[in-house]
Structure formats: structure tokens, C-alpha cells
Amino acid sequence: MARTSIRTKLGAAAAAALAAGTAVLAAAPAQAAASGWADCPVGSVCIYAGTSEHSPIIWERSRAGTYNLSNMYNDHLIYNNQTDGWKFWTCEGYNGTRCSTGYLPAGHYMIKNLTPVNSVRITP
């Protein structure tokens, strides 16, 4: 019966682990491509839980209008995935009052501190 040294067995185990790790790393880009911006539907504005497109979406709207926000604090990623030049505005007052002078154009994103924001507007 052939004898296998411990060194040979450990080397084979290390090679198998390295091969498994390489397979996992190769699969990671495909998973990344399936998340993020693709999660925000075309025609919508999305607010993410954090500052990364890999954070979950916590707010999403696809219609023009004014929307009051609640319980949104600190920095969040906001992505305007609207089309046809629609705009997204943040407002310090409720019901779309005291809105920022600048807006987020369609196809763009920003990271914004939502602590002072009480409402948002989506306009064509």
C-alpha cells in the first residue's frame, strides 16, 4: 500500500482550497453586476439605505409629485433613474416647501445628508 506523507496531503488540501477561493473570486463580478443601479427601476428615483449602490433601496417613486419623508437621517445615496429630463429636488420644509436651488437631473446620483430634508419633489 502506498504511503502519502502529511506534507503531500497538506499541499493537496491547500491547492484545493486555493482553487475553491479562485472560483469564488471569479463569481464575484457577476454578482456585483446583478445588484446596485440595476435595482433602481428605470423611471424611478431611489434612495438607498447607505452611501453605496450596493445598499438596499429604502425609498422609490416613479411619479411626479411631492413626497414627505420621515426617519431618514445622515448621508444617503440618491439615484435619479428617471427619463426625459425629469428632475429630483430636496426640500427642508414639508409638502415641497423651501426646496434646494439645485436639482438632481435624470441619470445622475448624489450623496446627501437627509437629516434636514423633510420632503422631496419629482418634476418633469
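This one's a predicted model, so the numbers in the text were calculated from it and none came from an experiment.

A. Region of the structure containing the nonpolar core. I47, W59, L69, I78, F88 and V120 are the most contacted members of the largest nonpolar core, which has 13 residues in total. Of all elements in the fold, only strand 1 (45-48) and strand 8 (119-123) reach the threshold of two or more residues within this core. With residues near it in sequence (within four places) discarded, I78 still touches V45, C46, I47, F88, L104, H108, Y109, M110, K112 and L114.

B. The arrangement of the state of the cysteines in detail. Evaluated as defined, the whole model comprises two disulfides. C40 shares a disulfide with C46; S-S distance 2.1 Å. In this structure, the disulfide formed by C40 and C46 twists by about 95° around the S-S bond and is classed as right-handed. Just as C40 is buried, C46 falls in that class too. Bridging C91 to C99, the disulfide has an S-S length of 2.0 Å. Between C91 and C99 the sulfur-sulfur dihedral comes to about 80°; the bridge is accordingly right-handed. Each bonded cysteine in the protein chain gets a number by its place in the sequence, and the pairs come out as 1-2, 3-4.

Scoring rules and cut-offs
- The residue numbering used here restarts from 1 in each chain and proceeds along that chain's sequence as written.
- Thresholds applied to this predicted model are a pLDDT of at least 70 for local features of residues and 80 or more for the giving and counting of side-chain atom pairs; totals over whole chains, interfaces and linings are not thresholded and use all residues.
- Here the side-chain values reflect all heavy atoms present in the structure, with hydrogen atoms and water set aside.
- What makes a nonpolar core is a set of buried Ala, Val, Leu, Ile, Met, Phe, Trp, Tyr and Cys residues whose side-chain atoms join them at distances within 4.5 Å.
- For every residue, the accessible area obtained with a 1.4 Å probe (protein chains only) is divided by the maximum for its type, and the residue is called buried under 20%, exposed over 50%, and partly exposed between those limits.
- Secondary structure elements follow DSSP: runs of H or I no shorter than four residues count as helices, runs of E no shorter than two count as strands, and numbering proceeds from the N terminus.
- Should any heavy atoms of two residues lie within 4.5 Å, those residues are considered in contact.
- When two cysteine sulfur atoms are found within 2.5 Å, that pair is recorded as a disulfide.

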